[in-house]
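Residues per chain are reported as follows:
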Amino acid sequence: MDPEEIARNMNGRLQHASPGRQETLLPSPMIQNHAAYLHLLGDGTLICAWFGGTLEGKSDISIFASVLPRGASNWGSPQRLSFDPAHSEQNPVLFTAPDGRLWLFHTSQPSGNQDECRIRMAEVRRDASQPLTLSAEEGRYLDLPRGCFVRAPMTVRDDGAWLLPIFRCIQRSGQKWNGSHDTAALGISRDQGRTWRLEDLGQSIGCVHMSPVWLSERRLVAFFRRRQADWVYRTQSTDAGMSWSVPEATDVPNNNSSIAATRLSDGRIAMICNPVSAAQSADRRASLYDELGEEDRRPDADPAGGCTPIWGVPRAPVSLCLSDDGGETFPVRLAIEDGPGTCLSNDSTDGRNKEMSYPWLLAEPDGTMHLAYTYHRRAIKYVRLASGWDEAAVRSPS
């Protein structure tokens, strides 16, 4: 579809695309929509949050969300949940705390300077008399260093501590951020989000978007996007997140684009991603923010002591990868949707961008799977797979 056709279909109405599969493009008033995050409330209501505006990194980028009550066939109208006119507000993460309060975490950065980013935390409220309506307070910045970024879900340790996966965009004096020294970390709060401390993961240069999964009461694994666009990496903890192993490569390629993972009711791990690496494509671009058009005379960060980030590898197909060995290998890979995946431009208006990226997933106990991902940077696509989806080849309709 071209951008105009995509816009005409952004109505949020669920359509049967094939047996056991429903899908739609979520409504949004913005011409660029990216970085979907799905969150399931206790009453079965599904929330999808994302960021929208004109172009990633611009100060008009804000957080939006839409609501799908259980049993409904249409997503509600999009609602803006962040309001800072001077910063690009990106990468929403929703979290229902043990006390039942719903929190929104998101990034806030000036222009393309991810190394100056701060994380904002705001409470989200839902009016019982208007189930499709959400509102968010202005919130506050977390007391963490600048350059901290989020994408993956909060988890609660068995001692009650909140663990917020962080990737650190390390500042380099006199140089522009380009991802060359990004590392993994955890933001840890022992007082329900009021104060935070940062705990770095060793030997994690290039590992970002840490996506944790509980395997048992004490054991976790987590998976990483890689700036080097080589493989999805994996780390594990055997002490409920107190310490972590050095990240190592899995058998799933990665294109320096986002991933998400969850544990299914039968114990398997499902990971959604674009299983493509730089070794499989010659497509390259200078950086993530090379189209902002804002003057910055600083040189790109020197990769010495870090890594050489690779940008521009195609962001397609969207695939569900399944593991029955705790995420060490993912031998089963089901195609959700395929296409060119071209991402040499972030522009959402001229049809050059064909990416299907930044996917998210939620699994319900009955086996229903909820998926969401960026569609050509113009829309957020939502897909629901009925129970039994993994027993057949689930593919996008031709």
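Residues numbered from 1 in each chain as written. Predicted model: local features only at pLDDT ≥ 70, side-chain atom pairs only at ≥ 80, totals over all residues. Heavy atoms only, no water.

1. Concerning the environment of Glu 116
Thinking step 1. Structurally, the position occupied by Glu 116 is in the loop between β8 (102-109) and β9 (118-126).
Thinking step 2. Since its relative accessible area comes to 28%, Glu 116 is described here as partly exposed.
Thinking step 3. The residues contacting Glu 116, other than those within four sequence positions of it, are Ser 108, Pro 110, Arg 146, Gly 147 and Gln 171. (Helix = DSSP H or I, 4+ residues; strand = E, 2+ residues; numbered from the N terminus. Buried < 20%, exposed > 50% of the residue type's maximum accessible area, 1.4 Å probe, protein only. Contact = heavy atoms within 4.5 Å.)

2. Quick notes on the state of the cysteines
Thinking step 1. If you walk through the whole model with that rule in mind, you get zero disulfides.
Thinking step 2. For the unlinked cysteine Cys 48, the closest cysteine sulfur is that of Cys 273, found at 18 Å.
Thinking step 3. You can call Cys 48 buried: its relative accessible area is 1%.
Thinking step 4. Free cysteine Cys 343: the closest other cysteine sulfur is in Cys 273, separated by 15 Å. (Disulfide = S-S within 2.5 Å.)

3. Here we look at the sheet that holds strand β6 (residues 79-80)
Strand-to-strand pairing in sheets goes through backbone hydrogen bonds, with the strands running parallel or antiparallel.
Thinking step 1. Read from one edge of the open sheet, four strands run β3-β4-β5-β6, paired in antiparallel fashion. In this open sheet, the two strands that pair with only one neighbour each are β3 (32-40) and β6. (Pairing = 2+ DSSP bridges.)

4. Considering unusual backbone geometry
Thinking step 1. Ala 316 connects to Pro 317 through a cis peptide bond whose omega is 0°.
Thinking step 2. One can find Pro 317 in the loop between β22 (269-273) and β23 (318-323).
Thinking step 3. For Ser 111, which is not glycine, the phi dihedral falls at a positive 55°.
Thinking step 4. With phi around 50°, Tyr 358 is a residue other than glycine that occupies positive phi space.
Thinking step 5. The topology assignment puts Tyr 358 in strand β25 (residues 356-363).

5. A word on the layout of surface pockets
Thinking step 1. Its boundaries defined by the atoms lining it, the largest pocket holds a volume of some 620 Å³.
Thinking step 2. Going through the elements one at a time, β3, β7 (88-96), β13 (155-156), β17 (207-214), β21 (260-263) and β25 are the ones with two or more residues in the lining of the largest pocket.
Thinking step 3. Here the lining of the largest pocket is composed, by residue class, of 18 nonpolar, four polar and one charged.
Thinking step 4. If you add up the space inside the second largest pocket, you get close to 330 Å³.
Thinking step 5. Lining the second largest pocket we find 18 residues, and of these Lys 176, Ser 287, Tyr 289, Leu 292 and Asp 296 sit closest to its centre. (1 Å grid on protein atoms, 1.4 Å probe; cavity = no way out; pocket = protein on both sides within 12 Å on 5 of 7 lines; lining within 4 Å. Points joined across faces, edges and corners; volume = space filled by probe spheres on them. Nonpolar A, V, L, I, M, F, W, Y, C, P; charged D, E, K, R; others polar.)

6. Points about the pairing of β8
Thinking step 1. Burial of β8 is extensive: eight of the eight residues sit out of reach of the surface.
Thinking step 2. Burial of β8 is two-sided: the residues Leu 102, Leu 104, His 106 and Ser 108 facing one way and the residues Trp 103, Phe 105, Thr 107 and Gln 109 facing the other way are all buried.
Thinking step 3. When β7 meets β8, the two strands line up antiparallel, connected through seven bridges. From the neighbouring strand, Leu 94 faces β8, where its bridge partner is Leu 104.
Thinking step 4. Connecting β7 to the next strand, β8, in antiparallel fashion are five residues, including Gly 100 with a positive phi near 95°.
Thinking step 5. Relative to β9, β8 is paired through seven bridges, and the arrangement is antiparallel. Following the sheet pairing, Ser 108 is matched in β9 by Arg 118.

7. Things to note about the pattern of salt bridges
Thinking step 1. Tallying each qualifying case throughout the model produces 29 salt bridges.
Thinking step 2. Residues Lys 381 and Glu 337 are paired through a salt bridge, measuring 2.9 Å at the closest nitrogen-oxygen approach. With Lys 381 in strand β27 (residues 379-385) and Glu 337 in strand β24 (residues 332-337), this residue pair connects regions lying 44 residues apart in the sequence. Here the two residues Lys 381 and Glu 337 agree in accessibility, since each one is buried.
Thinking step 3. A single salt-bridge network, built from bridges that share partners, covers Arg 285, Asp 290, Glu 291, Asp 350 and Arg 352. (Salt bridge = Lys/Arg side-chain N within 4 Å of Asp/Glu carboxyl O.)

8. So, the nonpolar core
Side chains of nonpolar character tend, in soluble globular proteins, to be buried together.
Thinking step 1. Ranked by size, the top nonpolar core spans 72 residues in total, and within it Cys 48, Trp 75, Phe 105, Leu 320 and Leu 371 carry the most contacts.
Thinking step 2. With six residues, strand β4 (residues 46-53) is the single largest residue contributor to this core. (Core = buried A, V, L, I, M, F, W, Y, C linked by side-chain atoms within 4.5 Å.)

9. Some details on the sheet that holds strand β26 (residues 369-375)
Thinking step 1. Taken together, five strands build an open sheet; the order of strands is β1-β2-β27-β26-β25 and the sheet is antiparallel. The outermost strands of the open sheet, each flanked by one partner alone, are β1 (15-18) and β25. Strand-to-strand twist across the sheet, computed as the mean angle between neighbouring axes with direction ignored, equals 25°.
Thinking step 2. As defined by bridge partners, β1 adjoins strand β2 (residues 21-25) across three bridges and the pair is classed as antiparallel. (Axes fitted to C-alpha atoms, helices over the stretch in contact; angles between N-to-C directions.)

10. Some details on the confidence of the model for the protein chain
As a note on interpretation, predicted positions should not be read in detail where pLDDT is low.
Thinking step 1. Confidence in the prediction of the protein chain, expressed as mean pLDDT, is 96, and 98% of residues score 70 or more.
Thinking step 2. Low confidence marks residues 393-398, where pLDDT is under 50. Its contacts with residues over four positions away, or in another chain, come to 15 contacts. (pLDDT = per-residue confidence, 0-100.)

11. Details of the environment of Ile 205
Thinking step 1. Examined against the element boundaries, Ile 205 turns out to sit in the loop between β16 (197-200) and β17.
Thinking step 2. Spatially, the C-alpha atoms of Ile 205 and Ile 272 are 22 Å apart, while their sequence positions differ by 67 residues.
Thinking step 3. What Ile 205 contacts, discounting residues up to four positions off in sequence, is Ser 180, Asp 182, Thr 183, Arg 226, Gln 228, Gly 305, Gly 306 and Cys 307.

12. Structural notes on the packing of aromatic side chains
Thinking step 1. Across all of its chains, the model carries nine aromatic pairs by this definition.
Thinking step 2. Seen in terms of ring centroids, Trp 50 and Phe 64 are 6.4 Å apart; in terms of plane orientation they differ by 20°. Their pairing is stacked. With Trp 50 in strand β4 and Phe 64 in strand β5 (residues 62-68), this residue pair connects regions lying 14 residues apart in the sequence.
Thinking step 3. Residue Phe 64 is classed as buried on the basis of its relative accessible area of 3%.
Thinking step 4. An angle of 75° between the planes, with centres 4.9 Å apart, marks the rings of Phe 95 and Trp 162 as edge-to-face. Taken together, the positions of Phe 95 in strand β7 and Trp 162 in strand β14 (residues 162-168) put the pair 67 residues apart, joining distant regions of the chain. Side by side, Phe 95 and Trp 162 carry an identical accessibility label, which is buried.
Thinking step 5. An aromatic cluster is defined as three or more aromatic residues linked by ring pairs; in this entry it consists of Trp 177, Tyr 289 and Trp 311.
Thinking step 6. Seen from the ring of Tyr 141, Arg 118 lies directly overhead, with NZ or CZ sitting 3.7 Å from the centre. (Phe/Tyr/Trp six-rings, centres within 6.5 Å; stacked < 30°, edge-to-face > 60°. Lys NZ or Arg CZ within 6 Å of the ring centre and 35° of its normal.)

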